[in-house]
Amino acid sequence: DPDKKTEVVLLACGSFNPITNMHLRLFELAKDYFHETGKYKVIKGIISPVGDAYKKKGLISAHHRVTMAKLATKDSDWVEVDDWESSQSEWLETLKVLRYHHQKLLSPGPTNSLQNAIPLTKPGRKRKQEPNRHDPVKKKNQSPDIKSVPQVKLLCGSDMLESFGIPNLWKSEDITEIVENHGLVCISRAGNSVQKFIYESDILWRHKNNIHLVEEWITNDISSTKIRRALRRGQSIRYLVPDVVQAYIEKNKLYSPESEDMNAGVVLAPLQKHASDSKN
């Protein structure tokens with residue numbers, strides 16, 4: 001019964017500096033995995049590039065990173081780019097971004113017009129019933145089925161999961177809330193090392209049922225770091241990023257030895273913030 005399936009929204013946070021074919025593959029791999037379980041239906045993928053306040057070395061402006069991600073996903077019928085996180089003046093913990101997107105699904109308010117909410121309807125439903133969806137009377141009569149609220153899960157590569165182990169990069173209570181209330185989908189080509197990492201962490205082990213490990217059999221070792229290196233050296237990046245992204249980078253001359261030195265010597269925002277938190 002398709003109605004019994006839990007709806008899932010996949011959220012990927014990160015620099016996307018620039019977005020690559022690997023980032024886009026993560027979404028496809030995760031969607032296949034969830035659909036193959038027979039228990040889930042992936043209704044949306046969201047790419048949320050980090051804001052400039054993250055202060056990572058070589059991080060070019062969010063405007064360009066968001067634009068490239070939008071270009072890269074313009075042909076996708078389910079993955080979209082959200083610039084809420086990147087437009088904040090301060091760096092935001094990933095948990096806050098997860099909460100924001102969860103909240104947005106719960107309450108399609110002005111930020112989430114009816115138009116944006118349409119994909120959340122059941123495919124079999126007639127369009128003319130659409131306006132009733134916001135009718136509170138109707139809501140009261142619905143059986144309180146928890147599954148009707150899509151789950152927002154954090155989509156990550158194994159490197160992000162292992163970054164949970166870097167001191168002061170993540171707050172342990174944030175990690176707990178992420179795996180407890182939302183869930184992780186981790187795409188890894190070295191399944192064993194990720195499983196070992198989960199085994200060695202009490203927090204992750206306690207919530208391992210909420211961590212979905214997806215084996216990447218067709219391995220793809222493209223990374224944004226390698227893309228930037230090739231660009232600095234005047235080497236081709238074709239077939240590693242979507243053609244529209246390559247064209248945008250060339251047109252705007254985005255990556256250079258100078259851009260790679262941006263934020264050099266600056267402490268990463270989370271490390272700054274958590275270090276000052278622990279002093280207080």
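Above: the structure in question.
The structure contained in this document is the topic of the report that follows. (Residues numbered from 1 in each chain as written. Predicted model: local features only at pLDDT ≥ 70, side-chain atom pairs only at ≥ 80, totals over all residues. Heavy atoms only, no water.)

### A look at the layout of surface pockets
Put simply, the rule reads: With a 1 Å grid laid over protein atoms only, a set of points is called a cavity when a 1.4 Å probe fits there but cannot get out and a pocket when it is open yet has protein on both sides within 12 Å along at least five of seven lines; lining residues have an atom within 4 Å of a point. Grid points are joined across faces, edges and corners, and a volume is the space filled by probe spheres set on the points. Segments assigned H or I by DSSP are reported as helices when at least four residues long, segments assigned E as strands when at least two residues long, and all are numbered from the N terminus. In this count, Pro and Cys sit with the nonpolar residues alongside Ala, Val, Leu, Ile, Met, Phe, Trp and Tyr, while Asp, Glu, Lys and Arg are called charged and the others, Gly among them, polar.
Empty space within the largest pocket amounts to approximately 1100 Å³. If you trace the largest pocket, you find 44 residues lining it, with Cys13, Gly14, Lys56, Asp159 and Met160 closest to the centre. Elements supplying a minimum of two residues to the lining of the largest pocket: strand S1 (6–14), helix H1 (21–37), strand S4 (151–157), helix H6 (158–162), strand S5 (184–188), helix H10 (224–232) and helix H13 (269–279). Per-element accounting of the lining of the largest pocket gives the leading share, 4 residues, to H1. For the lining of the largest pocket, the residue count by class is 21 nonpolar, 13 polar and 10 charged.

### Here's the deal with the sheet that holds S4
Heads up, the rule is: The criterion for strand pairing is that DSSP finds at least two bridges linking the strands in question. A fitted line through C-alpha atoms represents every axis, and for helices the fit uses only the stretch in contact; the resulting angles, taken between N-to-C directions, go from 0 to 180 degrees.
Reading across from one edge, S3-S2-S1-S4-S5-S6 is the order of the 6 strands in this open sheet, with parallel pairing throughout. Every interior strand has two partners, whereas the edge strands, strand S3 (79–81) and strand S6 (211–215), have only one. Averaged over all pairs of adjacent strands, the angle between their axes in this sheet comes to 25°, without regard to strand direction. Here 9 bridges tie S1 to strand S2 (residues 40–49), and the two strands are oriented parallel to one another. Residue pairing across strands places Leu11 opposite Ile46, the latter belonging to S2.

### So, the environment of Thr219
If you trace the backbone, Thr219 turns up in the loop between S6 and H10. Considered as a pair, Thr219 and Arg189 are 30 residues apart in the sequence and their alpha carbons are 6.5 Å apart.

### Topic: H10
Heads up, the rule is: Each residue is assigned to one of three classes by its accessible area relative to the maximum for its type, calculated with a 1.4 Å probe on protein chains only: buried under 20%, partly exposed between the two thresholds, exposed over 50%. Summarising the geometry, the arc corresponds to the directions from the helix axis toward the C-beta atoms.
The complete set of buried residues in H10 reads Ser224, Ile227, Arg228, Ala230 and Leu231. In an axial view of H10, the angular spread of the buried residues amounts to 160°, which keeps them on one side of the axis. One or two steps after H10, the chain reaches Gly234, where phi turns positive at roughly 70°.

### Quick notes on the pattern of salt bridges
Put simply, the test is: What counts as a salt bridge is simple: a side-chain nitrogen of Lys or Arg found within 4 Å of a carboxyl oxygen of Asp or Glu.
If you walk through the whole model with that rule in mind, you get 13 salt bridges. A salt bridge links Arg99 to Glu177, with the nearest nitrogen and oxygen atoms 2.8 Å apart. A residue pair is termed long-range when its members are at least 10 positions apart, and Arg99 in helix H3 (residues 94–106) and Glu177 in helix H7 (residues 172–182) qualify at 78 residues. Its relative accessible area of 39% is what places Arg99 among the partly exposed residues. Two residues, Arg232 and Glu260, come together in a salt bridge whose shortest N-O distance is 3.3 Å. Pair noted here: Arg232 is in helix H10 and Glu260 is in helix H12 (residues 257–260), with a separation of 28 residues, a long-range link. Here Glu260 falls in the buried class, since its relative accessible area comes to 13%. Through salt bridges with shared partners, one network takes in Glu93, Lys96, Lys171 and Lys273.

### Looking at the nonpolar core
Rule in force here: By convention a nonpolar core is built from buried Ala, Val, Leu, Ile, Met, Phe, Trp, Tyr and Cys residues, the set being connected through side-chain atoms within 4.5 Å. Any two residues having at least one pair of non-hydrogen atoms within 4.5 Å are treated as being in contact.
With 38 residues, the main nonpolar core has Leu10, Ile19, Phe27, Ile47, Met68, Leu155 and Ile249 as its most contacted residues. The element best represented in this core is H1, accounting for 7 residues. Once residues within four sequence positions are removed from consideration, Ile19 is found in contact with Leu24, Ile47, Met68, Ala69, Ala72, Val241 and Val245.

### Quick word on the side chain of Ser86
To keep things clear, this is the line we draw: Contacts described as polar in this section are N or O atom pairs within 3.5 Å, which, within protein, must combine one atom able to donate a hydrogen with one able to accept it, while residues neighboring in sequence count only if both atoms come from side chains.
Relative to the elements of secondary structure, Ser86 occurs in the loop between S3 and H3. Within the structure, Ser86 has its side chain in polar contact with the backbone oxygen of Asp83 (distance 3.1 Å). Dropping the residues within four chain positions of it, Ser86 is found in contact with Pro49, Val50, Gly51, Ala62 and Val66.

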